[in-house]
Amino acid sequence: MFAELNELLGASPERPDAGKFTLLRDTRTDGSFLVHHFLSFYLRAGCKVCFVALLQSFSHYNIVVQKLGVSLAAAKERGQLVFLEGLKSCLDLLFGEEEQPGQPSPLQFLSGSTSDLRALFDFVRVSLTPADGDSWKGPVLLVDDLSVLLSLGAAPVAVLDFIHYCRVSVCCQLKGNVVVLVHSNEDSEDEENELVVNSLCHHSDLILWAEGLATGFCKDVHGQIKIIKRLSLRQAAEQDLVQIYQYKIQDRNVTFFARGLSAAVL
């Protein structure tokens, strides 16, 4: 996890929030560093994590997060992490192989036998429902990234229904957290993706929006991040709190600074 980002968010692994839906959004840049932050943050916090990884392999995430001081293999072995490797699940389903004989694949919609994401929701619900003797803190669902479901043929309404039921189950009933990454491009003609993104923004408690620089590539500033705390979601009379910073991604860390105050400039 990145200490500077925790400071900006007022977050601490010793006191993780409960019942929060966080949207990670990226435009003209790669926001995966935010996924790595929250994955390592919640594992360090002692939370039970269900990671629906649709973009990369287990080994990829494990290598990256090890640099942040967390081992996914160890977390998986001790039962703290439930990892759905979407790439492998897709191949198994398409070639007629079952990961666990007798149980439907979480990505069952790919077979055309159903158009909804109920199997994926059931996987999340079963994975995060506390078992007797569990000592983990609140459960966490992490999805990287939701836009892949649309690319695989899921309908926007099915994706939004999936997130709605996950919010109700994880955030409201289990008092846990949901963190989802989506790609977006305001100039894109992909109306389905933008519909999903806008709907998720409306229901989010916190939005972290990473954007590429309008001026193009810069070796000392990799992009800007907009932190939107949705105060209006809790109290209609309140205005959302918006903070904007620029950032630079390093090998084991990400530094944040006010716009125009990069160390290279100063």
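For the structure given in this document, a descriptive report is provided here.

Basis of the calculations
- Residues numbered from 1 in each chain as written.
- Predicted model: local features only at pLDDT ≥ 70, side-chain atom pairs only at ≥ 80, totals over all residues.
- Heavy atoms only, no water.
- Salt bridge = Lys/Arg side-chain N within 4 Å of Asp/Glu carboxyl O.
- Buried < 20%, exposed > 50% of the residue type's maximum accessible area, 1.4 Å probe, protein only.
- Helix = DSSP H or I, 4+ residues; strand = E, 2+ residues; numbered from the N terminus.
- Arc of directions from axis to C-beta.
- Contact = heavy atoms within 4.5 Å.
- Core = buried A, V, L, I, M, F, W, Y, C linked by side-chain atoms within 4.5 Å.
- Patch = residues over 30% accessible without salt bridge, like charges linked within 9 Å, V, L, I, M, F, W, Y side chains within 5 Å.
- Areas by Shrake-Rupley, 256 points an atom, 1.4 Å probe, with all protein chains shown as cover.
- Lys, Arg positive; Asp, Glu negative; His and termini not counted.
- Charge placed at Lys NZ, Arg CZ, Asp CG, Glu CD.
- Pairing = 2+ DSSP bridges.
- Axes fitted to C-alpha atoms, helices over the stretch in contact; angles between N-to-C directions.

### A word on the pattern of salt bridges
Working step 1: In this structure the tally under the stated criterion is 7 salt bridges.
Working step 2: Close ionic contact of Lys20 with Asp17 constitutes a salt bridge, the shortest N to O distance being 2.9 Å.
Working step 3: On the accessibility criterion, Asp17 (41% relative accessible area) is partly exposed.
Working step 4: Note that Asp251 is salt-bridged to Lys67, the shortest N-O span being 3.0 Å. With Asp251 in the loop between β8 (241-249) and β9 (254-257) and Lys67 in the loop between α3 (58-66) and α4 (72-77), the pair connects residues that are 184 residues apart, well separated along the chain.
Working step 5: The class for Lys67 is partly exposed, based on a relative accessible area of 35%.
Working step 6: The network of salt bridges with common partners includes Lys67, Asp251 and Arg252.

### Quick notes on helix α5 (residues 86-94)
Working step 1: Among the residues of α5, those classed as buried are Gly86, Ser89, Cys90 and Asp92. Taken end-on, α5 shows its buried residues confined to a sector of 165°, consistent with a single buried face.
Working step 2: Each element contacted by the buried residues of α5 is listed here: β2 (47-53) and β3 (81-85).

### Focus: the nonpolar core
Working step 1: Core analysis: the largest hydrophobic core is formed by 40 residues, its most contacted members being Phe51, Leu81 and Leu208.
Working step 2: No other element matches the 8 residues that helix α2 (residues 32-44) contributes to this core.
Working step 3: Discounting residues that sit within four places of it in the chain, Leu81 has contacts with Leu43, Val49, Phe51, Phe58, Leu72, Ala75 and Lys76.
Working step 4: The next biggest cluster of nonpolar side chains, apart from the first, holds 38 residues, and it includes Cys50, Val159, Phe162 and Leu200.

### Structural notes on a negative patch on the surface
Working step 1: Side chains of Glu189, Asp190, Glu191 and Glu192 sit close together on the surface and give a patch of like negative charge.
Working step 2: With a relative accessible area of 40%, Asp190 lands in the partly exposed category.

### Thoughts on helix α6 (residues 118-128)
Working step 1: Of all the positions in α6, only Leu120, Phe121, Val124, Ser127 and Leu128 are classed as buried. When α6 is viewed along its axis, its buried side chains cluster within an angular range of 130° and face the same direction. Exposed side of α6, more than 90 degrees from the buried face: Arg118 and Val126 are the residues found there.

### Here's the deal with the sheet that holds β9
Working step 1: Across the sheet, which stays open at both edges, the 9 strands sit in the order β3-β2-β4-β5-β1-β6-β7-β8-β9 with mixed pairing between neighbours. Each having just a single partner strand, β3 and β9 make up the two edges of the open sheet. Each strand axis lies, on average, 20° off the axis of its neighbour in the sheet, ignoring direction.
Working step 2: Where strand β6 (residues 206-211) and strand β7 (residues 223-229) come together, 6 bridges link them in antiparallel fashion. In the strand pairing of β7, Leu208 is matched with Ile227.
Working step 3: The strands touched by helix α8 (residues 156-173) within the sheet are β1 (21-27), β4 (137-144) and β5 (177-183), with β5 carrying the most contacts at an inclination of about 155°.

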